[in-house]
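Here are the chains, one letter per residue:
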Amino acid sequence: MATKKVTAVIKLQCPAGAATPAPPIGPALGPHGVPAPKFVQEFNDRTKNMEKGLIIPVVITAYADKSFTFILKTPPAAVLIKKALKLEKGSANPLRDKVGKLSAAQLEEIAKQKMPDINANDLEAAKKIIAGTARSMGVEVEAN
């Protein structure tokens, strides 16, 4: 099988099951010849079982023959932390203003969910990475 020529690798963050060809998706795909409506339909089909509106990073590979493939990633750690604590947003001043407290169980759950896409060798290292993200958002992390 001959390999197709890759023209671009596009990284986007789209809402699960609710993506539209409107900006930012359409303008990001258009210059590379990727049909935005076709991508949006396939993306929404693959994410329809996920929580609606959850931000899902996607890596799209565009080929010279105007075809494309894409890989879904796990949601960003900050999005998972906000969802776990039911927060609207993180703290504007994380050192002074705390917006919530992440339990050890919640931290482990988020770390397990992020394991496929996180740069960590084991769960403990992943938990440290997630805890760092939480602290930078103004969320206190419960010690084990």
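Fair warning: this is a prediction, and the values are worked out from it, not measured in the lab.

A. Representation of the overall build of the protein within the structure. Looking only at helices and strands, the protein has 5 helices and 5 strands in total. Ordered by position in the sequence, the α and β elements of the protein form the string β-α-α-β-β-α-β-α-α-β. Across its three principal directions, the C-alpha atoms of the protein cover 50 × 30 × 25 Å. Split into buried and exposed, the 144 residues of the protein put 38% on the buried side. Across the protein, contacts joining residues at least 24 apart in sequence account for 60% of those joining residues at least 6 apart. Surface summary for the protein: the accessible area is close to 8,500 Å², and the carbon and sulfur share equals 55%. Put simply, the protein has 21 plus and 13 minus side-chain charges, and the middle of one group is 5 Å from the middle of the other.

B. Here's a closer look at the side chain of Asn 44. Relative to the elements of secondary structure, Asn 44 occurs in helix H2 (residues 36-47). Asn 44 sits in the buried class, given a relative accessible area of 17%. Apart from the residues lying within four places of it in its own chain, the contact partners of Asn 44 are Pro 15, Gly 17, Ala 18 and Ala 19.

What counts, and at which threshold
Numbers given to residues run from 1 along each chain, matching the order in which its sequence is written. Note on the predicted model: pLDDT of at least 70 is required for a residue's local features to be given, and 80 or more for side-chain atom pairs to be given and counted; whole-chain, interface and lining totals, by contrast, use all residues. Each side-chain value is worked out from all heavy atoms of the structure, with water and hydrogens disregarded. Note on conventions: DSSP H or I runs of at least 4 residues are helices, E runs of at least 2 residues are strands, and numbering of each starts at the N terminus. Buried, partly exposed and exposed residues are distinguished by accessible area as a fraction of the type maximum, computed with a 1.4 Å probe on protein chains only: under 20%, between the cut-offs, and over 50%, respectively. Contacts are residue-level and defined by heavy atoms, with any inter-residue pair within 4.5 Å sufficient. Method for areas: the Shrake-Rupley scheme with a 1.4 Å probe, in which residue coverage is limited to the protein chains shown. Under the convention used here, Asp and Glu are negative, Lys and Arg are positive, and both His and the chain ends fall outside the count. Note on charges: their place is set at NZ of Lys, CZ of Arg, CG of Asp or CD of Glu.

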